[in-house]
Amino acid sequence: MNNKISYLLNTVRCMHRCNSLLIPRSSATARKHILWIGRYRDPLENVNFRKLFLNIFPSLHGSSLRFLTQKTDLVSTSAEIQPEKSTEAFVSEQAPQSSLELEKLDDSGSFKEKRVMNHSEPFFNSLQKCTCPCDVLDLASESAVSIKHFTNCLTTVWKLFKHLSEDQQRYEKQLIFEHPAFVKLCQQLLRNSRRMTRGDLVFSLHAVVNLGVPQNTLLVQTLVRVCQEKLNQLDNRCISVLATTLAGLDKDKNVSALQAGLQLLVEQRIPSIRDIFILQSLMKCIGKDAPVFLKKKFEMAVLKEIDHLTFPNALRVFWALVAMNYCSIPILNACSKKIQENVHDAQFRQLILILEACNSLQYRNVKLFSALADYVNSTACLWDKRQMMLFLSAFETLGFQPSELMGSFAEKVTEDPEFLNLKNLLIVLRVYSRLNYVPRHQKHVFFETLHSCLNKYIPQISDTELLKAVYSLCILGYLPHRALDELLQKESFSDDLYKEQKEMMLRCVKACMELDSPSCTKPAFVLTENSSSSVSLNLRKAREALIELLGDENMFRQNVQLPYNYHIDFEIRMDPDRKKVLPIAAADDHADSSDERLAFLFVPLSAFCVGTTHPQGKLAMKKRHLNKLGYHVILVLNKKFQEMTDEDAVEFLKEKIYSKNAFPFYEVAVQDNN
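Residues numbered from 1 in each chain as written. Predicted model: local features only at pLDDT ≥ 70, side-chain atom pairs only at ≥ 80, totals over all residues. Heavy atoms only, no water.

J.: Explain the overall build of the protein chain residue by residue, including any values.
T.: On a plain count of helices and strands, the protein chain comes out with 32 helices and seven strands. With 674 residues in all, the protein chain has 50% of them scored as buried. Contacts in the protein chain between residues far apart in sequence, at least 24 positions, make up 75% of those at least 6 positions apart. With an accessible surface of roughly 32800 Å², the protein chain has 51% of that area assigned to carbon and sulfur atoms. (Helix = DSSP H or I, 4+ residues; strand = E, 2+ residues; numbered from the N terminus. Buried < 20%, exposed > 50% of the residue type's maximum accessible area, 1.4 Å probe, protein only. Contact = heavy atoms within 4.5 Å. Areas by Shrake-Rupley, 256 points an atom, 1.4 Å probe, with all protein chains shown as cover.)

J.: Before we move on, could you go through the pattern of salt bridges and cite the residues and values that matter?
T.: One pass over the full model with this rule turns up 15 salt bridges. Among the ionic pairs, Lys-148 bridges to Asp-200, the shortest N-O distance being 2.7 Å. Pair noted here: Lys-148 is in helix 8 (residues 147-162) and Asp-200 is in helix 11 (residues 198-211), with a separation of 52 residues, a long-range link. The buried category is assigned to Lys-148, whose relative accessible area is 7%. For Asp-200, a relative accessible area of 2% gives the class buried. (Salt bridge = Lys/Arg side-chain N within 4 Å of Asp/Glu carboxyl O.)

J.: Tell me about the environment of Pro-604, and please be specific about residues and values.
T.: As for its position among the elements, Pro-604 is in the loop between strand 6 (596-603) and helix 30 (617-628). Distance from Pro-604 to Leu-637, taken between C-alpha atoms, is 5.9 Å for residues 33 residues apart in sequence.

J.: Please set out a negative patch on the surface residue by residue, giving values where relevant.
T.: On the surface, Glu-544, Glu-548, Asp-646, Glu-647, Asp-648, Glu-651 and Glu-655 cluster together into a negatively charged patch. Elements represented by at least two residues in the negative patch include exactly helix 28 (540-550) and helix 32 (646-658). Here the negative patch gets five residues from one element, more than from any other, and that element is helix 32. Topologically, Glu-651 is positioned in helix 32. (Patch = residues over 30% accessible without salt bridge, like charges linked within 9 Å, V, L, I, M, F, W, Y side chains within 5 Å. Lys, Arg positive; Asp, Glu negative; His and termini not counted. Charge placed at Lys NZ, Arg CZ, Asp CG, Glu CD.)

J.: Give a description of the packing of aromatic side chains that names residues and reports values.
T.: For the structure shown, the criterion picks out 18 aromatic pairs. Relative to Trp-383, the ring of Phe-348 has its centre 6.0 Å away and its plane inclined at 45°; by these criteria the two rings are tilted. You can see Phe-348 sitting in helix 19 (residues 348-360) and its partner Trp-383 sitting in the loop between helix 20 (366-378) and helix 21 (385-398), a full 35 residues away along the chain. Judged by centre distance (5.2 Å) and plane angle (75°), the ring pair of Phe-602 and Phe-641 falls under edge-to-face. Note that Phe-602 is positioned in strand 6 and Phe-641 in helix 31 (residues 638-643), a separation of 39 residues in sequence. (Phe/Tyr/Trp six-rings, centres within 6.5 Å; stacked < 30°, edge-to-face > 60°.)

J.: An account of unusual backbone geometry is requested, with residue identities and associated values reported.
T.: Although it is not a glycine, Tyr-564 sits at a positive phi angle of roughly 65°. Mapped onto the fold, Tyr-564 is located in the loop between strand 3 (557-562) and strand 4 (566-574). Relative accessible area serves as the criterion here: at 34%, Tyr-564 is assigned to the partly exposed category. Here Asn-565, not a glycine, exhibits a phi torsion of approximately 65°, which is positive. According to the relative accessible area criterion, Asn-565 is exposed, its value standing at 52%.

J.: Hey, could you go over helix 8 for me, with residue numbers and the actual values?
T.: Spanning 16 residues, helix 8 covers 23 Å between terminal C-alpha atoms, matching the ideal 22 Å at 1.5 Å per step. Counted residue by residue, helix 8 has 15 buried out of 16 residues, so it is predominantly covered. (Expected span 1.5 Å × (residues − 1).)

J.: Tell me what's going on with the pairing of strand 3, and back it up with residues and numbers.
T.: In terms of strand pairing, strand 3 meets strand 4 through five bridges, oriented antiparallel. From the neighbouring strand, Gln-561 faces strand 4, where its bridge partner is His-567. Taken together, strand 3 and the strand that follows it, strand 4, pair antiparallel across an intervening segment of three residues, in which Tyr-564 is found at a positive phi of about 65°. (Pairing = 2+ DSSP bridges.)

J.: So what's going on with helix 32? Residues and values would help.
T.: Given a rise of 1.5 Å per residue, 13 residues ought to cover 18 Å, and the 19 Å separating the end C-alpha atoms of helix 32 matches this to within 8%. Buried within helix 32 are the following residues: Ala-649, Val-650, Phe-652, Leu-653, Lys-656 and Ile-657. Buried residues of helix 32, viewed axially, fall in a sector of 160°; they line one side. Buried residues along helix 32 sit against helix 28, strand 4, strand 5 (581-582), strand 6, strand 7 (632-637) and helix 31. (Arc of directions from axis to C-beta.)

J.: If you had to explain the environment of Tyr-437 to someone new, which residues and values would you point to?
T.: If you trace the backbone, Tyr-437 turns up in the loop between helix 23 (422-434) and helix 24 (443-457). Of the residues examined, Tyr-437 reaches a relative accessible area of 14% and is grouped as buried. Through-space distance from the C-alpha of Tyr-437 to that of His-614 is 9.6 Å; in sequence the pair is 177 residues apart. Discounting residues that sit within four places of it in the chain, Tyr-437 has contacts with Gln-401, Ser-403, Met-406, Gly-407, Tyr-432 and Leu-476. Of note is the side chain of Tyr-437, whose polar atom sits 3.5 Å from the backbone oxygen of Ser-403. (Polar contact = N/O pair within 3.5 Å; in protein donor to acceptor, adjacent residues only side chain to side chain.)

This is the structure in structure tokens:
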């Protein structure tokens, strides 16, 4: 009897000592302590912390974790899962419904958590009043008694943590991991992981991963393993949360097996999902490696609910399609329309992401681009010059010229060029040269401003950057003489990785120096070089139309190579009145400078700015130089020409050849995806 009493007293003393060790410091004391630390110390570098997570329960740590393979039937309910299901049903009867259910994404793109709980309980009332993660942990150490309490505390910690600034998160993260109650929460998760409701299980894993608990710890691996076992029991909302969580984990055996099972389950569930939010979350997490048939299933599911599309969902569906690398024109058109209607509600970063998404998906919608450009231009006073420059750079990548916005930005550059550091200067030069935009009323002032900024950076600029800057100005028809002199003194780029590209740029610069110089005069005629009678397959239709129209192959020349490495598809020579086509041989004999020389260029759609007949920089430079060489240039959009009937093709060429007012451009139909 005395021995039993002695054992009892020793047990009480041990429990008392253990309890004293678990008494947490107040959050205020902890904050005071952490602020005295001179250098931030990553809590994950704490050896004791990692050891604690790996050895919370020796019995669990000692047993090997089982891994599901892709051959395992993860969709059908196996006999092994049945006991877990009955246990969860029992827990659900004793506790209120899962306290965490999925709502829409907030502005930060994180999951909001909707609480379904008994508000009469003092614990949950106190939990709602917590304002920082450490307050939640203090409450957990004092009042949490059930797994429902612990899971709600953990997810509340994550909810409060994610709304902190980056600097605040660094310190709060260290406080969280050093708090004794956080260890207690993790212990409870391990003990009760197989008895937790599906919502608590999935949201607990989501919170643990996002708080930064290492993936290779026993805690995370156990939660992943239990999710494997209960995968078939998860509803659509839980599947969406789980997919988002797995997207933030590295591939290991457990994660890969769970992702494989999740993909099979999602494939079966897609027809029953009616929430666009859940659909776009799953699309984003399934990723670009998903099979095409699965991407098409997602497309059909989204299209069924497209009438209920909201502005936030339109943005997320855009980015979900990027994540899947799947261009669905019907979905993108619907999303674009919703974005145009609510463009005034979009933030700066969202506008940039929209343009980047369009580029990734090779999606061109002139109405969408115009709406975004007009909005930015109309609210120019709200944006600083660097933000406007980022917009222009994004448009340049798409090949779209927002002329009014570029004009407004040019005025800001001439008024205050000081913000143009070397990096910004190179961006501005690249954008304006590729999109071939020169301000109408301040052309000289704009060029002089850019030239002055370039001269300021010549002592520190690299050879490559100097070549890019000079090349951009030359494309626009402006010769920066000091920079040109400096460039021509540089050594060749023979050893450079991009040798061919830079040699091409140098050739263009030298051609501009000769042909754009004020001393350059129009030659009487141009001798062609390396003339060839061969013609590419995509120009065969044009050749046949010219033969039918002019009656003889000797009335035109094809595949003409000119000086300065310029090439034209077809050349036709006419009398000065543009009424008669001259045979090529006869025209060469008398070489009359008054003869008209027509140069036909069949160009792709990408050579024009999106949705317009405005040529981009390189094509505009070539047209300008061909004019200096004595040619009238006729630009023909090859795709549109190939779509014409033979009769229409002949009539089209006849009009361009014999009409003096028709030769400069072929009116390209505006491309519109709507």
